[in-house]
Amino acid sequence: MRLEIRDVHKRFANGAGDHIVIERMDLSVGEGEFVTLLGPSGCGKTTLLNIVAGFVRPERGTVRVGDRPVEGPGPDRGVIFQDYALFPWLTVRGNVEYPMRRTGIKTRERAERLQALLRMAHLEGKERLYPAQLSGGMKQRTAVCRALASDPQVLLMDEPFGAVDFQMRLKLQEELERIWVENRITVLMVTHDVQEAVYMSDRVIVMSPDRGRIIDDVRIDLPRPRERRSERYHEYTDLLLDRLGEAFADARAES
Ligand SMILES: Nc1ncnc2c1ncn2[C@@H]1O[C@H](COP(=O)(O)OP(=O)(O)OP(=O)(O)O)[C@@H](O)[C@H]1O
Ligand SMILES: [Mg+2]
């Protein structure tokens, strides 16, 4: 399903008055496209993702998933938060089934869907374990399964690999990329990490802390899975680092 963000404004009151975080944001994510938001801390990435998820309301503008305007959270959008946010008191099975129970999916279909998701994420046999008994990678894959359980049209991810070490991060990127290639769901992801953006994305949106302005919209035209050591890969990371440099300059100008 296509995602359309049109003329979105968002401001927050802070001690010194109003702070405009996002002004006139226009962004489209095509059906099955993987788009990443990249930008310095505080530029409004999480705010924008929360607006799309329906957790935060913009003062102006619209977000549409397909033909439907977003008016709050819904099963058409799966969300993965930075810390995975699994329910620690539920098993893998309980976590993945949770959104299916909420949307009233019958027991039998729930069991079938659970098995299909666990198979896809290489988590078969883990359904009785609790989050505390899982590795970081298993937790992240459980979070992916849970986000996909309601069969969403759009997957929203806020720094899904933020909390793990470098080696694990590369592995998780590869796993998530594989899952995405198999499902071809529309994705909007947030990251700080230029390497990650190039590895995962069809397009990278570089955001400025100056009112969330889009500094650049870079199409990553590399075959998948991507070769991290290739020259073109490095050309893209260099280009994005330059653009991030501009974004940081905006941050200094603003403060
Ligand atoms: N609920 C809120 N109330 C007031 N200000 C807020 C609120 N949420 C976010 N902000 C402000 O909006 C700006 C953007 O925050 P946001 O969390 O979207 O940034 P971000 O790009 O996700 O940063 P990071 O990379 O550090 O996660 C910041 O200046 C922040 O202080
Ligand atoms: Mg954030």
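As the structure is a computational prediction, the values presented were derived from the model and not from experiment.

Each value, and the rule that gives it
- Residues numbered from 1 in each chain as written.
- Chains lettered and ligands numbered in written order.
- Predicted model: local features only at pLDDT ≥ 70, side-chain atom pairs only at ≥ 80, totals over all residues.
- Heavy atoms only, no water.
- Pairing = 2+ DSSP bridges.
- Helix = DSSP H or I, 4+ residues; strand = E, 2+ residues; numbered from the N terminus.
- Contact = heavy atoms within 4.5 Å.
- Axes fitted to C-alpha atoms, helices over the stretch in contact; angles between N-to-C directions.
- Polar contact = N/O pair within 3.5 Å; in protein donor to acceptor, adjacent residues only side chain to side chain.
- Domains from an automatic or database assignment.
- Buried area = accessible area lost by both parts, 1.4 Å probe.
- Salt bridge = Lys/Arg side-chain N within 4 Å of Asp/Glu carboxyl O.

## Brief notes about the sheet that holds strand E1 (residues 3-14)
In step 1: Strand order in the open sheet made by the four strands is E2-E1-E4-E5, with antiparallel pairing throughout. The outermost strands of the open sheet, each flanked by one partner alone, are strand E2 (17-29) and strand E5 (68-69).
In step 2: In this fold helix H1 (residues 45-53) packs onto E1, E2 and strand E4 (60-65), with an angle of close to 120° to the strand it touches most, E1.

## Some thoughts on the environment of Asp 18
In step 1: For Asp 18, the position within the fold is in strand E2.
In step 2: With 111 residues separating them along the chain, Asp 18 and Leu 129 place their C-alpha atoms 46 Å apart.
In step 3: In contact with Asp 18, not counting residues within four places along its chain, are Arg 11, Phe 12 and Ala 13.
In step 4: Among the polar contacts made by the side chain of Asp 18, one reaches the side chain of Arg 11 at a distance of 3.1 Å.

## Looking at the domain arrangement of the protein
In step 1: Domain boundaries in the protein define domain 1 (3-76 + 153-254) and domain 2 (86-151).
In step 2: Each of domain 1 and domain 2 was reduced to a C-alpha centroid, and the two centroids are 25 Å apart.
In step 3: Counting the surface domain 1 buries against domain 2, the share from its top three residues, Pro 75, Arg 178 and Ile 179, is 37%.
In step 4: When the shortest N-O distance is used, the salt bridge between Glu 175 and Arg 141 registers 2.9 Å.

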